[in-house]
Amino acid sequence: MAWLSLILAGLCEMLGVLMINRVHKHRNWQSLALLVMAFGASFLFLALAMETLPMSTAYAIWTGIGASGGAIMGMFLYGEPKDLKRIVFIGMILGAAVGLKLIS
Amino acid sequence: MNWLKVFIAALFEVLWVIGLKHADSFWAWGGTVVSIVVSFYLLIMAGKRLPVGTVYAVFVGLGTAGTVIAGILFFEEPFKWSKIMLIGFLLAGIIGLKLVTEDKEEGVEA
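Residues numbered from 1 in each chain as written. Chains lettered and ligands numbered in written order. Predicted model: local features only at pLDDT ≥ 70, side-chain atom pairs only at ≥ 80, totals over all residues.

- Chain B carries the name Multidrug resistance protein SMR in an unreviewed UniProt entry, which gives Thalassobacillus devorans as its organism.
- In the Sequence similarities (unreviewed entry) part of its UniProt record, chain B is described as follows: "Belongs to the drug/metabolite transporter (DMT) superfamily. Small multidrug resistance (SMR) (TC 2.A.7.1) family." (UniProt positions renumbered as here; feature names shortened; annotations may be inferred.)

- You'll find chain A entered in an unreviewed UniProt entry as QacE family quaternary ammonium compound efflux SMR transporter, with Thalassobacillus devorans given as the organism.
- The annotation that UniProt attaches to chain A under Sequence similarities (unreviewed entry) is "Belongs to the drug/metabolite transporter (DMT) superfamily. Small multidrug resistance (SMR) (TC 2.A.7.1) family."
- For the record of chain A, the UniProt heading Subcellular location (unreviewed entry) holds the text "Cell membrane".

And the structure:
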């Protein structure tokens with residue numbers, strides 16, 4: 001159950017990142033509400049997962065799914081640049097972030 | 001200007017991560033909530049001119065590095081060389097991203 005909440009938390013975060021894109025495309029209250037709901041749900045599921053899983057593991061996996069998923073979806077759904085250099089640099093940042101969260 | 005927004009957003013992220021962990025009074029919790037709002041506001045605004053996926057990765061990366069450094073400096077978390085190495089790796093990625101990302105400032109639309 002904890003792992004399921006953790007994956008849901010990551011997916012909601014990814015959705016939140018996509019909603020940031022949406023807010024700029026469709027400037028209305030629905031977009032903003034979706035953004036707040038996505039990040040809100042993400043934190044809720046993360047907190048739920050942290051009740052049983054170690055905080056560092058949960059945090060690292062949440063970041064990994066959310067930020068890399070957000071970057072990949074942004075490239076496919078919102079036409080963000082997907083050159084190889086960018087993908088390598090994003091990979092470096094997220095790899096280091098996940099590593100830091102795991103050892104902290 | 002837009003990158004500056006991302007960096008300040010990450011600074012506020014560090015504040016609210018610390019707040020979520022250590023806040024124990026009305027004012028500390030108030031400050032935490034304000035930090036969450038400010039950091040997300042700046043993040044969203046930066047995403048107007050820069051690719052959101054890139055911005056979010058930098059935001060998360062800087063926030064994580066800042067939180068780890070703050071933990072070592074102020075909250076007696078153990079210093080490890082592996083942490084410093086990962087932070088260096090992370091910063092290299094951020095500098096790289098900044099170099100390859102076009103900043104669509106207002107008025108200079110292509």
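Further notes follow.
**Let's talk about helix α2 (residues 29-50) of chain A**
All names here are of chain A.
Consideration 1: A rise of 1.5 Å per residue sets the reference length of α2, with its 22 residues, at 32 Å; its end C-alpha atoms lie 31 Å apart and thus fit the reference within 8%.
Consideration 2: Along α2, the positions that sit buried rather than exposed are L35, A38, F39, S42, F45, L46 and A49. One side of α2 holds all its buried residues, which, seen down the axis, span an arc of 125°. Of the residues in α2, the exposed ones pointing more than 90 degrees away from the buried face are W29, Q30, A33 and G40.
Consideration 3: Considering only its buried residues, α2 is in contact with α1 (2-25) and α3 (55-77). (Helix = DSSP H or I, 4+ residues; strand = E, 2+ residues; numbered from the N terminus. Expected span 1.5 Å × (residues − 1). Buried ≥ 20, exposed ≤ 12 C-beta atoms within 10 Å, placed from the backbone. Arc of directions from axis to C-beta. Contact = placed C-beta atoms within 7 Å.)

**As for the interface of chain A and chain B**
Consideration 1: Contacts between chain A and chain B engage 28 residues on the former and 29 residues on the latter.
Consideration 2: Where the side of chain A that touches chain B is concerned, the elements lending two or more residues are α1, α3 and α4 (84-103) of chain A.
Consideration 3: If you tally residues by element for the side of chain A that touches chain B, the top one is α4(A), at 13 residues.
Consideration 4: Residues of the side of chain A that touches chain B, tallied by class, amount to 16 nonpolar, 7 polar and 5 charged. (Nonpolar A, V, L, I, M, F, W, Y, C, P; charged D, E, K, R; others polar.)

**Details of the nonpolar core**
Consideration 1: Residues I93(A), V55(B), Y56(B), A57(B), V58(B) and F59(B) are the most contacted members of the largest nonpolar core, which totals 63 residues.
Consideration 2: Those elements that provide at least two residues to this core are α1, α2, α3 and α4 of chain A together with α1 (2-22), α2 (26-46), α3 (52-74) and α4 (81-100) of chain B. (Core = buried A, V, L, I, M, F, W, Y, C linked by C-beta atoms within 7 Å.)

**Some details on the packing of α3(A) against α3(B)**
Consideration 1: Closest axis-to-axis distance for the α3(A)/α3(B) pair is 8 Å, and the angle between their directions is 160°. The orientation of α3(A) relative to α3(B) falls into the category roughly antiparallel. Note on packing geometry: the crossing formed by α3(A) with α3(B) is left-handed. Seen from α3(A), the contacting residues are T63(A), A67(A), G70(A), A71(A), G74(A) and M75(A); seen from α3(B), they are V52(B), G53(B), Y56(B), A57(B) and V60(B). (Axes fitted to C-alpha atoms, helices over the stretch in contact; angles between N-to-C directions. Parallel < 35°, antiparallel > 145°, perpendicular 65-115°, else oblique. Left-handed = near helix turned anticlockwise from the far one by under 90°.)

**Here we look at the UniProt feature "transmembrane region" (unreviewed entry) in chain A**
Consideration 1: Sequence positions flagged by UniProt for "transmembrane region" (unreviewed entry) are, in local numbering, residues 29-50, 57-78 and 84-103 of chain A.
Consideration 2: Secondary structure content for residues 57-78 of chain A is 95% helix and 0% strand, while the C-alpha to C-alpha distance between its ends is 30 Å.

**So, unusual backbone geometry**
Consideration 1: Non-glycine residue E76(B) carries a positive phi angle of around 55°.
Consideration 2: Looking at the element boundaries, E76(B) is found in the loop between α3 and α4.

**Details of α1(B)**
Consideration 1: Taking 1.5 Å per residue as the helical rise, α1(B) with its 21 residues ought to reach 30 Å, and the 30 Å between its terminal C-alpha atoms agrees with that figure.
Consideration 2: Three or more residues of α1(B) are buried, namely K5(B), V6(B), A9(B), A10(B), F12(B), E13(B), V14(B), L15(B), W16(B), V17(B) and I18(B).

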